[in-house]
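Observations on chain architecture
Below are the chains, spelled out letter by letter.
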Amino acid sequence: MEDLLRPIYQERASHPNTLGILIVEKQKPISPVTDNFDVILFIIVKEAKDPWFMKHYEFENKTAAMHIVDESLLNEWIKTSGYRKVFEWILNGRIVFDRNEYVESLKDKLHSFPEENRELRKVMEFAKLIRSYRECKDLFQSEHYLDAYSQVVRSLHYLARLSVIEKGFHPEVTVWRQVKSIAPEIYKLYQELIESNEPIQKRVELMLLATEFTINTRAPRCSGHLLEVMQTEKEPWTIGDLKLHPEVAPYALDLAALLEYLTEKNIVEVVPVETKGKNVYHRQYKVAQPTA
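Residues numbered from 1 in each chain as written. Predicted model: local features only at pLDDT ≥ 70, side-chain atom pairs only at ≥ 80, totals over all residues. Heavy atoms only, no water.

As a further point, take the overall build of the chain. In terms of helices and strands, the chain carries 12 helices and 7 strands. A buried classification covers 45% of the 292 residues belonging to the chain. Accessible surface computed for the chain: about 16,000 Å², of which carbon and sulfur atoms make up 51%. Mean positive and mean negative side-chain charge positions of the chain (39 and 44 charges, respectively) differ by 2 Å. (Helix = DSSP H or I, 4+ residues; strand = E, 2+ residues; numbered from the N terminus. Buried < 20%, exposed > 50% of the residue type's maximum accessible area, 1.4 Å probe, protein only. Areas by Shrake-Rupley, 256 points an atom, 1.4 Å probe, with all protein chains shown as cover. Lys, Arg positive; Asp, Glu negative; His and termini not counted. Charge placed at Lys NZ, Arg CZ, Asp CG, Glu CD.)

Set out below in structure tokens:
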């Protein structure tokens, strides 16, 4: 198979703009990692007009997909887990071209999972967890138990990914396989939900209690990224200013839910600012001072 692809990737390797090329081969009959193509040809370039270019090939009853991704988009994916398959492509793919050991260095970076990236990823998953938990609680209280069950599964998935990140690893597509060995207490929660003989209503109720406890115990350390951003300014923040901050942008969609939770827990303090309307105030936010 590689012999047929070699002319394609050798032509790409001759470009001075190309940083590295990897081949990822399908290992199972059904392979989500390769989108069920027999092989992925993953090409990293310094810059490109189209930051993510794709081509599909067919040969000898086999299929291949070529992905050409520029370095800035790839770094964004790595920073925010924007395209999770790329982690497996880089970590498990076979290097066929590597300019100045660029790909080897990238593999080392993914294995080490730098602290600044970890803090961002923690707050992203934590914010999603809070939003999902509250949606689940609302569905449960409205007696939509099947919908609440679906939502609690989603909440546990966010919790699973958060637990993996806390241990210093990137969550994989098969995250529950990771969680089983890395965070067995979270895996046990998931088992209790799906294997219990209790009625769905009771199972969801128990998971809501467990999730709420888990959220509360993780709040200070998992919201650290946002709190550090807020402490870079002495003045309180409006929601609009926070949302537009480049460091907060990756979790802007979940920012309101996260801020509301942090104010309820007295981790963030609301600063009311007068408006022209009588008894109507703008809400601004600052990190609460720890009580003595």
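What follows concerns the packing of aromatic side chains. Where two aromatic rings form a pair, the distance of their centres and the angle of their planes describe that pair. If you walk through the whole model with that rule in mind, you get 9 aromatic pairs. Seen in terms of ring centroids, Trp52 and Trp77 are 4.9 Å apart; in terms of plane orientation they differ by 85°. Their pairing is edge-to-face. Of this pair, Trp52 sits in strand 3 (residues 52-59) while Trp77 sits in helix 2 (residues 71-80), placing them 25 residues apart in sequence. For Trp52, a relative accessible area of 29% translates into the label partly exposed. Looking at Trp77, the relative accessible area reads 8%, which means it is buried. Centre to centre, the rings of Phe126 and Tyr261 are 6.2 Å apart; their planes meet at 75°, and the pair counts as edge-to-face. (Phe/Tyr/Trp six-rings, centres within 6.5 Å; stacked < 30°, edge-to-face > 60°.)

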